[in-house]
Amino acid sequence: MQLKPLCRKASALILLALAATTIHAEDALLPTAQTVQALMLEAIRSEAGVAHGVLTGGVADALTQKFGGTSPITVDVSTEKRYRQPGCSRLKVLFQQEGVRLPENKEPRTQTVEIGINYCLDGKPPKSLQ
């Protein structure tokens, strides 16, 4: 399945905008991850089908500065469906960060974005949605 260029760009911007973080004490118990993909793979491998973490790294730091985020970006991945193809699932990925300043909002706010994605352990979408 190919995403249209506008959808790909919008998805990439959402992921990048929410990837920034500085770790706070209350989130120290969550594992850190350099990429969302690492958490998606962890959820697929998990018997419970879930993974939680805090995004870290240079891109995360740069985007926190750009959008003024005041908390780490937490990511919760849950499995909505496991496909017949081994290692492939429909995932729900929820991003959250506090203190985000977007152009359309005058005040900082808690920003959440939820996406759904079909993903396999090899990094590709499943061959079938069965």
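The paragraphs below set out a description of the structure included in this document. The model shown is predicted, which means the values in this text are computed figures rather than measured ones.

1. Re the overall build of the protein
- Across its full length, the protein carries 3 helices and 5 strands.
- Looking at the protein as a whole, 37% of its 130 residues qualify as buried.
- Sequence separation of 24 or more characterises 58% of the internal contacts of the protein that already satisfy a separation of 6 or more.
- Approximately 8,100 Å² of the protein is accessible, and the part contributed by carbon and sulfur atoms is 55%.

2. Section: the pairing of strand β3 (residues 74–82)
- Judged from the 5 bridges that link them, strand β2 (residues 50–55) and β3 form a sheet pairing that is antiparallel. Bridged to Gly53 within β3 is Val75.
- Pairing of β3 with strand β4 (residues 88–100), which is carried by 8 bridges, proceeds in the antiparallel orientation. Its bridge partner lying in β4, Asp76 is registered against Leu94.

3. Some details on the sheet that holds strand β1 (residues 32–33)
- Strand order in the open sheet formed by 5 strands is β1-β2-β3-β4-β5, with mixed pairing between adjacent strands. Among the strands making up the open sheet, the edge pair consists of β1 and β5 (109–120).
- Pairing of β4 with β5, which is carried by 11 bridges, proceeds in the antiparallel orientation. Residue pairing in the sheet places Cys88 in a bridge with Cys120 of β5.
- Helix-sheet contacts for helix α2 (residues 36–45) involve β1, β2, β3, β4 and β5, and the interaxial angle to β2 is about 165 degrees.

4. What to know about the side chain of Gln97
- Inspection of the secondary structure assignment puts Gln97 in strand β4.
- Gln97 gets classed as buried once you look at its relative accessible area, which sits at 1%.

5. Some thoughts on the packing of aromatic side chains
- Counting across every chain of the model gives 0 aromatic pairs.
- For the cation-ring pair, Lys66 lies above Phe67, with the distance from its terminal atom to the ring centre recorded as 5.7 Å.

6. As for the nonpolar core
- Formed by 16 residues in total, the largest nonpolar core has its most connected members in Met40, Val75, Val77, Leu91, Val93 and Phe95.
- Mapped by element, the contributors of at least two residues to this core are α2, β2, β3 and β4.
- A total of 6 residues in this core trace back to one element, the largest contributor, which is α2.

7. Topic: the pattern of salt bridges
- Inspection of every chain in the model, using the stated rule, returns 1 salt bridge.
- The residue Arg90 makes a salt bridge to Glu80 at a minimum N-O spacing of 3.8 Å. Of this pair, Arg90 sits in strand β4 while Glu80 sits in strand β3, placing them 10 residues apart in sequence.

8. Structural notes on α2
- Along α2, the residues classified as buried are Val36, Leu39, Met40, Leu41, Ala43 and Ile44.
- Close packing links the buried residues of α2 with β1, β2, β3, β4 and β5.

9. Quick look at the environment of Glu114
- Take Glu114: it is sitting in strand β5.
- Between the C-alpha atom of Glu114 and that of Val93, which follows or precedes it by 21 residues, the distance is 5.6 Å.
- Beyond its immediate stretch of four places on either side in the chain, Glu114 contacts Lys92, Val93 and Leu94.

Scoring rules and cut-offs
- Residues numbered from 1 in each chain as written.
- Predicted model: local features only at pLDDT ≥ 70, side-chain atom pairs only at ≥ 80, totals over all residues.
- Heavy atoms only, no water.
- Helix = DSSP H or I, 4+ residues; strand = E, 2+ residues; numbered from the N terminus.
- Buried < 20%, exposed > 50% of the residue type's maximum accessible area, 1.4 Å probe, protein only.
- Contact = heavy atoms within 4.5 Å.
- Areas by Shrake-Rupley, 256 points an atom, 1.4 Å probe, with all protein chains shown as cover.
- Pairing = 2+ DSSP bridges.
- Axes fitted to C-alpha atoms, helices over the stretch in contact; angles between N-to-C directions.
- Phe/Tyr/Trp six-rings, centres within 6.5 Å; stacked < 30°, edge-to-face > 60°.
- Lys NZ or Arg CZ within 6 Å of the ring centre and 35° of its normal.
- Core = buried A, V, L, I, M, F, W, Y, C linked by side-chain atoms within 4.5 Å.
- Salt bridge = Lys/Arg side-chain N within 4 Å of Asp/Glu carboxyl O.

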